[in-house]
Amino acid sequence: MTESWALRALKAGDTSALEWFIDRYTGYVSAVVINIIGSGRREDIEEIVSDAFFVLWQNAGKIKASGVKGYLAGVARNKAVDFLRSQGAETLPLEEDVLVLPDYTTEDEMGKACERWAVQEAVLSMEWPEREIFLRHYFLFQPVRDIARLMDMPENTVKTHLRRGREKLKGLLEKELT
Amino acid sequence: MEKRISELLSDLDASVIEFPESNVVSADRIKEITMKKINENKRALHVRSKAARIMLIAAAFVMALGICAGAYMGFTQHDDPAGVLHSFFEQESYAKGDRIVEYENVEVDGEIYEKLKTNMPAWERMPLDKAVAEKYIYPYVYGMGETMTWEDYTLTVEAMVYDAPMGCGLLYYTIENPKGVEGYDVWVNGEVNWPVSSPWYAAFLHPEHSYIDEEQTTDTKLYLCSYFVTVRDWGDFEIRLGDGGEFKRANRSTLILELPGEGMDSISLDGGNVTVSPIGMSVDKEALGLSLTNDIDHITLRFDDGSEYIVEQDDDEAFISNSAYAISDSDTHLSCRLFNSIIDIDSIAEVEIEGQVFKAE
């Protein structure tokens, strides 16, 4: 079964298609969750990972065939963050998380779509290791120190890549939305 | 203006990220938990206006007598069985003929041909043969009337069709809120669900699919049709109505329904391994030597007059699914499905399942 066929079957309410996706992506989704909440609480990880697949089941009608993996990762990430907050724990403080931008609107669907596109483009324009560092930090909330250790580079180098990534994102948002 | 980067990335198509996969949790365990959530989150449904008015009066009467929700009230035939069945089998699909037919280019001996890739019938609900329905179904269309409330929402069970031996049925529901019933989603096939962003939700503990009744639904009242399955013991037949915004969805009301114990006529093939009733069929996959991990791709009913009803076809030639709802239960190895039509079982000549043909006696 191909992914597009599995998604089609999923949209038709076929639970075996959901099981097919679970077989395929449990390892990946688990990795996303563990990156955010840690690997010490298996029951919590299982709960969040299954939540991601449950949301996939609920929203299958809205997902493109090529986007299931990314969709699952995004849902798992946001669920993991919600979980941390429900436990009274905040995500780690991020290196300069706030961008100051000229005003633009995202109140309508067009504005939201443009913003999503600009963010995606900015991330895609980053090359390795900048993209990985940027996503580890801002998507998975990994602290600079951990990223430096995992990627075997000085903390200042990590911070430099983060700054460049922020500049690219800011530049693209300003260009496309204001 | 200020924007948090971490929030901007929350909508990122995260497939751009590659990580080493983790084996901390098993896929089987995730399947188990996820399927349980799906069963818990099953939702509610519908009825025609005349039937709805009648049953709302009945519901109000029950409440006035102080009878608690879920109390056993016996089962009597609904006053308007044809009206109830109309919403399940006669309405156009929500997709309104958006039959999906797709082709892909294939090269054969240097020539490019179009090959059929997708032939999806938009989950049509078939025209109702009233004579067949009256013969097989009408006595089993029960009037209900149970109701429950959560905040401003009122969920009312209007009617039920249930085939106890087969373990499947149909349920009519309404969900009303004078302030509006926004928050639900309708998929292209008409199925209703409550996304995580919905401030409220309705759910069944048993497996089911619910479809919107477009003809009747308004901004303040949902009319819904549920196709449900009870092939094994999942406990009480419980419906929930509650706070959809809460992580665990624990803030809710519950309604437990009694199910009738009798069933409609059915035919039994291959010593009982295949059973076909007017509204659905069940197949013992283990007994037939079929895959226990995948559902059945090919089922066709053939009738005495030579016509046939393709229930499932999933192969290179076509993708046809005329099951309104189907499950393949991993415990009992039963594959159980509800049809999108009412079947004249006395006219069935044979049933073909994955190439195995079973003649009707």
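Below, the structure is looked at part by part. This is a predicted model, so every value here is computed, not measured.

### Describing helix H6 (residues 130-138) of chain A
Quick reminder: α-helices carry 3.6 residues per turn. Residues three or four places apart thus point the same way.
Right, on to step 1. Of all nine residues in H6 of chain A, seven are buried; the element is thus mostly enclosed.
Right, on to step 2. For H6 of chain A, the set of buried residues is Glu130, Ile133, Phe134, Leu135, Arg136, His137 and Tyr138 of chain A.

### Topic: the pattern of salt bridges
Residue and element names in this part refer to chain B.
Right, on to step 1. Counting across every chain of the model gives 20 salt bridges over all chains.
Right, on to step 2. Note that aspartate 346 is salt-bridged to lysine 135, the shortest N-O span being 2.8 Å. Residue aspartate 346 is found in the loop between strand E23 (334-339) and strand E24 (348-353), and its partner lysine 135 is found in helix H5 (residues 130-136); the two are separated by 211 residues along the sequence.
Right, on to step 3. You can call lysine 135 partly exposed: its relative accessible area is 48%.

### Structural notes on unusual backbone geometry
Right, on to step 1. With an omega dihedral of 10°, the bond running from tryptophan 128 of chain A to proline 129 of chain A counts as a cis peptide bond.
Right, on to step 2. Tracing the sequence through the fold places proline 129 of chain A in the loop between helix H5 (109-125) and H6.
Right, on to step 3. Look at glutamate 151 of chain B: it is not a glycine, yet its phi comes out positive at around 50°.
Right, on to step 4. Position of glutamate 151 of chain B relative to the elements: it lies in the loop between strand E6 (147-150) and strand E7 (153-163).
Right, on to step 5. The exposed category is assigned to glutamate 151 of chain B, whose relative accessible area is 62%.
Right, on to step 6. Phi is positive for aspartate 270 of chain B, close to 55°, though the residue is something other than glycine.
Right, on to step 7. Topologically, aspartate 270 of chain B is positioned in the loop between strand E16 (267-269) and strand E17 (274-276).

### Overview of the sheet that holds strand E11 (residues 200-204) of chain B
Residues and elements named next belong to chain B.
Right, on to step 1. Strands sit in the order E11-E14-E15 across an open sheet of three strands; the sheet is antiparallel. Strands with a single pairing partner mark the edges of an open sheet, and in this sheet they are E11 and strand E15 (252-257). Averaged over all pairs of adjacent strands, the angle between strand axes in this sheet comes to 15°, irrespective of strand direction.
Right, on to step 2. Of the strand pairs in this sheet, E11 and strand E14 (residues 237-243) are connected by five bridges, and their pairing is antiparallel. Bridge pairing links tryptophan 200 to aspartate 243 in E14.

### Here's the deal with the interface of chain A and chain B
Right, on to step 1. Contacts between the two partners involve 69 residues from chain A and, on the opposite side, 57 residues from chain B.
Right, on to step 2. Of all residues in chain A, Trp5, Arg8 and Gln58 of chain A give up the largest surface area on contact with chain B, accounting jointly for 11% of the area buried on that side.
Right, on to step 3. At the junction of chain A with chain B, the criterion picks out five salt bridges.
Right, on to step 4. Across the chain A-chain B interface, the total number found is nine residue pairs in polar contact (both at pLDDT 80 or more).
Right, on to step 5. The set of elements that each furnish at least two residues to the side of chain A that touches chain B consists of helix H1 (3-11), helix H2 (15-37), helix H3 (42-58), helix H4 (68-86), strand E1 (98-100), H5, H6 and helix H8 (155-177) of chain A.
Right, on to step 6. Considering each element in turn, the side of chain A that touches chain B owes the most residues, 14 residues, to H2 of chain A.

### Re the packing of aromatic side chains
Residues and elements named next belong to chain B.
Right, on to step 1. All chains considered together, the criterion is met by 14 aromatic pairs over all chains.
Right, on to step 2. Each ring, one from tyrosine 162 and one from phenylalanine 228, has its centre 5.7 Å from the other, and the planes form 15°; the classification is stacked. Taken together, the residues tyrosine 162 in strand E7 and phenylalanine 228 in strand E13 (residues 221-229) connect sequence positions 66 residues apart. Both residues of the pair, tyrosine 162 and phenylalanine 228, belong to the buried class.

Analysis parameters
Residues numbered from 1 in each chain as written. Chains lettered and ligands numbered in written order. Predicted model: local features only at pLDDT ≥ 70, side-chain atom pairs only at ≥ 80, totals over all residues. Heavy atoms only, no water. Buried < 20%, exposed > 50% of the residue type's maximum accessible area, 1.4 Å probe, protein only. Helix = DSSP H or I, 4+ residues; strand = E, 2+ residues; numbered from the N terminus. Salt bridge = Lys/Arg side-chain N within 4 Å of Asp/Glu carboxyl O. Pairing = 2+ DSSP bridges. Axes fitted to C-alpha atoms, helices over the stretch in contact; angles between N-to-C directions. Contact = heavy atoms within 4.5 Å. Buried area = accessible area lost by both parts, 1.4 Å probe. Polar contact = N/O pair within 3.5 Å; in protein donor to acceptor, adjacent residues only side chain to side chain. Phe/Tyr/Trp six-rings, centres within 6.5 Å; stacked < 30°, edge-to-face > 60°.

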